[in-house]
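Each chain, written out:
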Amino acid sequence: MADNPLRQLPAVNDLLQSPVLAAAHEHFAHDAIVAAIRSELAVMRVQVGQHHAVDGQMEPAAIAERVAKRLECEAQAKLRPVINATGIILHTNLGRAPMAEEAAQAAFEAARGYLNLELDLETGKRSSRQNAIRDWVCRLTGSESATAVNNNAAATVIALRALCSGKEVIVSRGQLIEIGGSFRIPEIMAVSGAVLREVGTTNITRLTDYERAIGPNTGALMLIHCSNFRISGHTQAVSIAELAGLGKKTGLPVVDDIGSGALIDFQPFGFSGEPIARASIAAGADLVLFSGDKLLGGPQAGIIAGGKEWIQRIENDPLMRAFRLDKMTLAALEATLRLYGHPERACREVPVLRLLAAPLEELKARAESLAGRLRGWPDLSSVAVACDVAYAGGGSLPDQPVQTYVVEIVTRGQRTAEFAHRLRTGTPSVVGRVRDDKLVLDLRTIFPRQETDLVAALEAAAERTCSGEATVDAAQ
Ligand SMILES: *Cc1c(COP(=O)(O)O)cnc(C)c1O
């Protein structure tokens, strides 16, 4: 059987000694190299069996090269930076809010060293990690106290446990929302141990509906911001001021889940109806809950602002241990809140605010400049600049599109979906929109500093078809 082609395959040990794989030991564990060799040889055996093996492909040096490439592919980080060209500013799948440089720096410093997470440097005694953000949240919302947990879902659970475990929480039927990713208000409430008491109808809920539902087993009254949808037409909802008034009269605590965590007024950005944390506290809410990584523009967190006793009760809950923020997030959250101490500075430095506020003229100029760099590429059959709409996303400002400018690309020789796939899987990854068989890149969410990398990524994705490299990848 001397002419059995499988016999031509080199042995694992021979491949291990090839210069390329001997050198690979510097970066990869021996076992990983052996496993990659075995995988590659298995592929070869199938190809030989199907008579697909091409001349030269069986050479030990060629196999070793492919093993090395395989090792590098496998070693790539699963989480990688993405250039967000979707136009959706708070894109849940892309990590929601990009953080301010200062916040990212604070997280970095916290990560790589020690810090006074729970140590009072003045007295040398143990302190609370919440001190880092408590005063800032109080200052920015006007609340008496505050604490923070991993996200707003956790904030809802722990707040309801503190207020009304085993008791009823009265909520309007119009606010029993699903945020996405399996966050459904009724289910979250069930987890907290509070009993949901629905009142009103989908479109109309009046103060008298809450009033009539109050009984001996009522624990709290709650408002929930309809973050990702709107009920329009014949509608009526109770304001936080009205509900807080009812709470005062009946001695019941009032919780306001405002969702996005706007610390400033978004009207100057052209958006209306986004509840502001400070306004909710001023209106008399006992606890206000909001996310750290939506319109606030910080790290993933759930912030709870409100009365000292309620906050104390929340912090004493054993679940706090499971829900508390880690040092990196706390450092980033503190840094973000500090920026809001000077609202104009926040507008300049918090990326979410900067992206939302970027003037249309500037986006148009950047779109034209980007298009100019792409025109005339042989792999692209057309490159056009167009006016379009972007969205805040992440459940914020759902019905309020933001004007934007996009670059629309039509490829030659490869399908748009294929081109989009190459861009997504390239380095850096670029995620755009595919519409009418065009790849649409929205300048609203592309940072100016990413433009050079974006052009390089587009070049690589466009060119790979011509070089034929893509077919080799597909075979692997
Ligand atoms: C987004 C949102 C939540 C969930 O917040 P996470 O921080 O994503 O857990 C809860 N309530 C409302 C009203 C929201 O908009």
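*Asks:* Would you mind going over the overall build of the protein with me for this structure?
*Replies:* Counting its secondary structure elements, the protein contains 20 helices and 15 strands. By its C-alpha atoms, the protein is 95 × 50 × 45 Å across when sized along the principal axes. The buried share of the protein, reckoned over its 476 residues, is 48%. Put simply, of all contacts in the protein between residues at least 6 apart along the chain, 75% involve residues at least 24 apart.

*Asks:* Hey, could you run me through the nonpolar core in this one?
*Replies:* A general trend in soluble globular proteins is that nonpolar side chains are found buried together. One finds Phe266, Leu337, Tyr340 and Leu356 to be the most contacted residues of the largest nonpolar core, which totals 60 residues. No other element matches helix α14 (residues 327-340), which puts seven residues into this core. If sequence neighbours within four positions are ignored, leucine 356 has contacts with Ile89, Phe266, Phe269, Phe271, Leu295, Val402 and Arg444. Ranked by size, the runner-up nonpolar core spans 31 residues in total, among them Ala162, Phe183, Leu287 and Trp310.

*Asks:* What am I meant to see in the site of the ligand here?
*Replies:* Around the ligand, a shell composed of Arg96, Asn151, Asn152, Ala153, Ile179, Phe183, His225, Ser227, Asp257, Gly259, Ser291 and Lys294 is seen. Here an oxygen atom of the ligand and a backbone polar atom of asparagine 152 are 2.9 Å apart. For the ligand, an oxygen atom lies 2.7 Å from a polar atom in the side chain of lysine 294. For the ligand, whose unbound accessible area comes to 380 Å², protein coverage reaches 94%. Counting only elements with at least two residues in the shell around the ligand, the list comes to α7 (152-164) and β8 (254-259).

*Asks:* Would you explain helix α10 (residues 240-250) in this entry?
*Replies:* In an α-helix, one turn spans 3.6 residues; hence positions three or four apart end up facing the same way. When α10 is considered as a whole, its buried residues turn out to be Ile240, Leu243, Ala244, Leu246 and Gly247. One side of α10 holds all its buried residues, which, seen down the axis, span an arc of 160°. Across from the buried face of α10, at angles greater than 90 degrees, the exposed residues are Lys248 and Lys249. Elements in contact with the buried residues of α10: α9 (207-213), β7 (218-224), β8 and α11 (277-282).

*Asks:* Quick question: what am I supposed to make of the packing of aromatic side chains here?
*Replies:* In this description, a pair of aromatic rings is defined by centroid distance and the angle of the planes. In the structure shown here, the tally under the stated rule is one aromatic pair. The ring of phenylalanine 447 has arginine 449 lying over it, and the distance from NZ or CZ to the ring centre is 4.6 Å.

*Asks:* Would you take a moment to explain unusual backbone geometry for this structure?
*Replies:* Where the residue is not glycine, phi is negative for most of them; where a peptide bond is considered, it is trans in most cases. Cis geometry is adopted by the peptide bond preceding proline 428, which originates at threonine 427 and carries an omega value of -5°. Here proline 428 lies in the loop between α18 (416-425) and β13 (429-431). You will see that arginine 96, though not glycine, has its phi angle at about 55°, which is positive. Examined against the element boundaries, arginine 96 turns out to sit in the loop between β1 (82-84) and α5 (101-112).

*Asks:* Got a minute to help me understand the packing of α5 against α14 in this structure?
*Replies:* Two elements in contact, α5 and α14, have axes whose closest approach is 7 Å; the angle formed by their N-to-C orientations is 150°. Classified by the angle between their axes, α5 and α14 sit roughly antiparallel to one another. Crossing geometry of α5 relative to α14 is assigned as right-handed. Taking contact as the criterion, the partners of Glu102, Ala103, Ala106, Ala107, Ala110 and Ala111 in α5 are, on α14, Lys327, Met328, Ala331, Ala332, Ala335, Thr336 and Leu339. Looking at the contact of α5 with α14, its residues break down into 10 nonpolar, one polar and two charged.

*Asks:* Would you mind showing me how to read the side chain of serine 260 here?
*Replies:* Positionally, serine 260 belongs in the loop between β8 and α11. Contact partners of serine 260, with chain neighbours within four places excluded, come to Glu274, Phe290, Ser291, Lys294, Leu295, Leu296 and Ser396.

*Asks:* When you look at the sheet that holds strand β3 (residues 168-172) in this model, what are you seeing that I'm missing?
*Replies:* Backbone hydrogen bonds hold the strands of a sheet together, and the pairing may be parallel or antiparallel. Taken in spatial order, the seven strands of this open sheet run β2-β10-β9-β8-β7-β3-β6, and their pairing is mixed. Only two strands of the sheet have a single neighbouring strand rather than two, namely β2 (145-149) and β6 (195-199). Pairwise comparison of adjacent strand axes, ignoring direction, gives a mean angle of 25° for this sheet. Two strands pair when backbone bridges link them, and β2 and strand β10 (residues 302-306) are joined in this way by five bridges, in the antiparallel orientation. Paired with alanine 146 across the strands is alanine 305, a residue of β10. Here helix α8 (residues 185-192) sits on the sheet and contacts β3, β6, β7 and β8; the angle it forms with β7, its principal contact strand, is near 150°. α10 contacts β7 and β8 of the sheet and is inclined by roughly 175° relative to β7.

Basis of the calculations
- Residues numbered from 1 in each chain as written.
- Predicted model: local features only at pLDDT ≥ 70, side-chain atom pairs only at ≥ 80, totals over all residues.
- Heavy atoms only, no water.
- Helix = DSSP H or I, 4+ residues; strand = E, 2+ residues; numbered from the N terminus.
- Buried < 20%, exposed > 50% of the residue type's maximum accessible area, 1.4 Å probe, protein only.
- Contact = heavy atoms within 4.5 Å.
- Core = buried A, V, L, I, M, F, W, Y, C linked by side-chain atoms within 4.5 Å.
- Near = heavy atom within 4 Å.
- Polar contact = N/O pair within 3.5 Å; in protein donor to acceptor, adjacent residues only side chain to side chain.
- Areas by Shrake-Rupley, 256 points an atom, 1.4 Å probe, with all protein chains shown as cover.
- Arc of directions from axis to C-beta.
- Phe/Tyr/Trp six-rings, centres within 6.5 Å; stacked < 30°, edge-to-face > 60°.
- Lys NZ or Arg CZ within 6 Å of the ring centre and 35° of its normal.
- Axes fitted to C-alpha atoms, helices over the stretch in contact; angles between N-to-C directions.
- Parallel < 35°, antiparallel > 145°, perpendicular 65-115°, else oblique.
- Left-handed = near helix turned anticlockwise from the far one by under 90°.
- Nonpolar A, V, L, I, M, F, W, Y, C, P; charged D, E, K, R; others polar.
- Pairing = 2+ DSSP bridges.

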